Amino acid sequence: REEVAIRLVQDVVVVVTEMGRAFVYVILGGGVAAGYAALEFVKRGVSQGELCIISEEPVAPYERPALSKGFLLPEGIELVLGTRVKSADVKRKTLLTATGETISYKILIVATGARSLKLEEFGVNGSDAENVCYLRDVADANRLVNVMQSCAGGNAVVIGGGYIGMECAASLVINKTNVTMVFPEAHCMARLFTPKIASYYEDYYKLKGVNFIKGTVLSSFDFDSNGKVTAVNLRDGTKLSTDMVVVGIGIRPNTGLFEGQLTLEKGGIKVNGMLQSSNSSVYAIGDVAAFPVKLFGDTRRLEHVDSARKSARHAVAAILEPEKTGEFDYLPFFYSRVFTLSWQFYGDNVGDVVYYGDMSGSTFGAYWVSKGHLVGSFLEGGTKEEYEAIAKATRLKPEIEDLDELERQGLGFAVKV
Ligand code: FAD
Ligand code: NAD
C-alpha cells in the first residue's frame, strides 16, 4: 500500500497497561479506511477520549501530508498500536486484545481489511523462505525491497497475474531483475480486463523483457541447504530457476472475529447503505465491507482504496449525523500505474464491450454496455479531464441504442454526455 497509505513509523509506543478502557467510538484496524474514518471524526469533531484506533501494525495510518496533519497528531484520539484484537463480543460491545485488555465501545467501526492468501492454502509449502515475498503492509514492502536489492541482475518469478503481480513485475523490471510471470488464467488481470485489453499490457511487458507462462500454477519449490528457494516447479512440468519469488494470489477479508456474530456476504461483513452491519452498533468499511452498490442494485465487496476512503467517510457521517446522511451511493473505481502506463476503470465490466482509440498507440479505451445502458468505462493514457468524463458518463448510465455509433464516437461520447 505504498502509494495509498505511506505509513509514518511512530516512535511513540503505546503501552497498554490498564484494564477495561471504554470509548464511545472504536475503529478496529489501522489501514487506509481506519485513517480516513479518523480524519472524518476529527473534521466533524470528537471530544477528548471519545475515539480509539486499535491496530495490529506498529505504525499509525498515514497518507500524504495534509491528511497526516489531520490525524497523526490528533487531539483526543487514542492510538493503540502493535496490538491485535483476538476476540470480539458484539452483544457485550467489547474487544479483547492480545495483551489481555478489554476495550469497550458504544459504536465499533470494523476496518480490518484483508490478508494475503498464502501458497499453503493451495497446497504448496515455502511461504516462509527468505526469498519468497508477499505484499500487504509496510513490513512486507521493506522486506520485498531488501530481497529485490539482493537479487539485482538476477531472476524473479512472480506468481499471480492480478494487481500485485502486474505492479511488482513492473517494479522488478525497473530494478533490473529478469521476470517470469506465472498465473492460471489465459490472460493477466482476468477479473477486470478483456483478452484484448490484457494483450495490450502483456505485449508492453514483453517488450520490457517479461516472460509470461499462462494457464498453469506452481506445484512446488526447490530449496538450497539454507532453505532458500532456488527453483519454481510448475504443474505443466516446467522448472524455473530463480533468485526470488513474489506471490500475489489474492486476499481474504479479515472477518474471523465476527463470524457467527454478524451477517457475512461476498466474503465480507454485510452492511446497509449506512455501512451498518446486522448489529446496529457495528459498522464496517474498506476491504472487509460488503455494501449495496445502488448503481447496480447489488451487494459488492471492493478491494480498492477509493472505496476504502469513501466508505470510511460515509460511515462516520452516518454515525455522527444520521438524519442528514443518505445511503452510500458509490461508483466503483479501480486504477493502476505501471511503467509509463496508467489506466482507470469506472463501473461494472459486464455486457458487450466496445473499444475505441488506438490500441497500437498510447491512448485507448473501452465501454461496457449492458441491457441497453453504459455500465462501465476503461481508459488508458487519458488526461484528468478525460478520466473525469468517463466517470461522469458511467455514473449517468446513459441509454445506448447503437454500439457502432458508440464505437465511432469513442471517447467523445463520454466527453459530450
Ligand atoms: P487495510 O489497509 O488492509 O487495513 C487493515 C488494518 O486492520 C491493518 O492495519 C491491519 O493490521 C488491521 N487489523 C486487521 N485485523 C486486526 C486485528 N484483529 N486487530 C488489530 N488490527 C487488525 N487500491 C487501489 O485502488 N489502488 C492502488 O493503487 C492500490 N495499490 C495497492 C498496493 C498494494 C501493495 C496493496 C497491498 C493494496 C493496494 N490497493 C490499491 C488496495 C488498497 O490498499 C486496499 O483496498 C485498502 O488498503 C483497504 O483499506 P482497509 O483499511 O480496508 O484495509
Ligand atoms: P488479485 O485478486 O488482483 O489477483 C490474484 C491473482 O492470483 C489472479 O489474477 C490469479 O492470476 C492469481 N492466482 C489465483 N490463484 C492462483 C494460484 N493457485 N496460483 C497462482 N496464481 C493464482 O489479487 P492480488 O494481485 O494478490 O492483489 C491483492 C489485493 O491488493 C487485491 O485486493 C487488489 O485489489 C489489491 N491491490 C490493488 C492494486 C490497485 O488497485 N492498483 C494494486 C495492488 C494491490
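Summarised in this report is the structure supplied together with it. (Residues numbered from 1 in each chain as written. Chains lettered and ligands numbered in written order. Predicted model: local features only at pLDDT ≥ 70, side-chain atom pairs only at ≥ 80, totals over all residues. Heavy atoms only, no water.)

**Quick notes on the overall build of the protein**
Phase 1: Each helix and strand counted, the protein has nine helices and 26 strands in total.
Phase 2: Taking 417 residues into account, the globule formula puts the C-alpha radius of gyration at 22 Å, and the protein, at 23 Å, falls close to it.
Phase 3: Scored against the burial criterion, the 417 residues of the protein give a buried share of 53%.
Phase 4: Pairs at least 24 residues apart make up 62% of the contacts formed inside the protein by residues separated by at least 6 positions.
Phase 5: Carbon and sulfur atoms provide 50% of the accessible area of the protein, an area that totals close to 18600 Å².
Phase 6: Distance between charge centroids for the protein: 3 Å, based on 44 positive and 50 negative side chains. (Helix = DSSP H or I, 4+ residues; strand = E, 2+ residues; numbered from the N terminus. Rg over C-alpha atoms; globule rule 2.2 N^0.38 Å. Buried < 20%, exposed > 50% of the residue type's maximum accessible area, 1.4 Å probe, protein only. Contact = heavy atoms within 4.5 Å. Areas by Shrake-Rupley, 256 points an atom, 1.4 Å probe, with all protein chains shown as cover. Lys, Arg positive; Asp, Glu negative; His and termini not counted. Charge placed at Lys NZ, Arg CZ, Asp CG, Glu CD.)

**Quick notes on the sheet that holds strand 22 (residues 333–338)**
Phase 1: Overall, antiparallel pairing links the five strands, which are arranged 22-23-26-25-24 in an open sheet. A single partner strand is all that each edge strand has here, and the edge strands are strand 22 and strand 24 (352–357). Mean inter-strand twist for the sheet, computed between neighbouring axes without regard to direction, equals 15°.
Phase 2: Relative to strand 26 (residues 373–380), strand 25 (residues 364–370) runs antiparallel, the two sharing seven bridges. Each bridged residue has a counterpart across the sheet, and for Phe-364 the counterpart in strand 26 is Glu-380.
Phase 3: Here helix 5 (residues 195–207) sits on the sheet in contact with strand 22, strand 23 (341–347), strand 24, strand 25 and strand 26, set at roughly 155° to strand 25. (Pairing = 2+ DSSP bridges. Axes fitted to C-alpha atoms, helices over the stretch in contact; angles between N-to-C directions.)

**Some remarks on a negative patch on the surface**
Phase 1: A cluster of acidic residues, Glu-399, Glu-401, Asp-402, Asp-404 and Glu-407, forms a negative patch on the protein surface.
Phase 2: A relative accessible area of 75% places Glu-401 in the exposed class. (Patch = residues over 30% accessible without salt bridge, like charges linked within 9 Å, V, L, I, M, F, W, Y side chains within 5 Å. Salt bridge = Lys/Arg side-chain N within 4 Å of Asp/Glu carboxyl O.)

**A look at the pattern of salt bridges**
Phase 1: In the structure shown here, the tally under the stated rule is 21 salt bridges.
Phase 2: A salt bridge links Glu-202 to Lys-214, with the shortest nitrogen-to-oxygen separation between them at 2.5 Å. Placement of Glu-202 in helix 5 and of Lys-214 in strand 11 (residues 211–214) is noted, with a sequence separation of twelve residues between them.
Phase 3: Judged by relative accessible area, which is 34%, Lys-214 ranks as partly exposed.

**Focus: helix 3 (residues 138–150)**
Phase 1: The end-to-end C-alpha separation of helix 3 is 19 Å, in line with the 18 Å expected for 13 residues at 1.5 Å each.
Phase 2: Turning to helix 3, its buried residues are Leu-144, Val-147 and Met-148. Down the axis of helix 3, the smallest arc covering the buried residues is 100°, so these residues share one side. Exposed side of helix 3, more than 90 degrees from the buried face: Gln-149 and Ser-150 are the residues found there.
Phase 3: In this structure, the buried residues of helix 3 make contact with strand 8 (132–133), helix 4 (163–174) and strand 15 (244–247). (Expected span 1.5 Å × (residues − 1). Arc of directions from axis to C-beta.)

**Some details on the state of the cysteines**
Phase 1: Following the criterion strictly, the structure yields zero disulfides and no others.
Phase 2: The closest cysteine sulfur to the non-disulfide-bonded Cys-151 is located on Cys-133, 8.0 Å from its own sulfur.
Phase 3: Judged by relative accessible area, which is 8%, Cys-151 ranks as buried. (Disulfide = S-S within 2.5 Å.)

**Digging into the site of ligand 2**
Phase 1: Every one of the 21 residues lining ligand 2 counts as a neighbour, but Glu-167, Glu-185, Gly-250, Glu-303 and Tyr-335 are closest to it.
Phase 2: The side chain of Glu-303 places a nitrogen or oxygen atom 2.5 Å from an oxygen atom of ligand 2.
Phase 3: Tyr-335 is positioned with one of its backbone polar atoms (N or O) 2.8 Å from a nitrogen atom of ligand 2.
Phase 4: Taking 840 Å² as the accessible area of ligand 2 by itself, protein coverage stands at 84%.
Phase 5: No other element matches the three residues that helix 4 contributes to the shell around ligand 2.
Phase 6: In the shell around ligand 2, the residues fall into ten nonpolar, seven polar and four charged. (Near = heavy atom within 4 Å. Polar contact = N/O pair within 3.5 Å; in protein donor to acceptor, adjacent residues only side chain to side chain. Nonpolar A, V, L, I, M, F, W, Y, C, P; charged D, E, K, R; others polar.)

**Thoughts on the nonpolar core**
Phase 1: Core analysis: the largest hydrophobic core is formed by 118 residues, its most contacted members being Ile-27, Met-181, Phe-193, Tyr-201, Tyr-205, Met-244 and Phe-378.
Phase 2: Here this core takes seven residues from helix 1 (residues 32–44), the largest share from any one element.
Phase 3: Beyond its immediate sequence surroundings of up to four residues, Tyr-201 is in contact with Met-166, Phe-193, Leu-341, Trp-343, Phe-364, Phe-378 and Glu-380. (Core = buried A, V, L, I, M, F, W, Y, C linked by side-chain atoms within 4.5 Å.)

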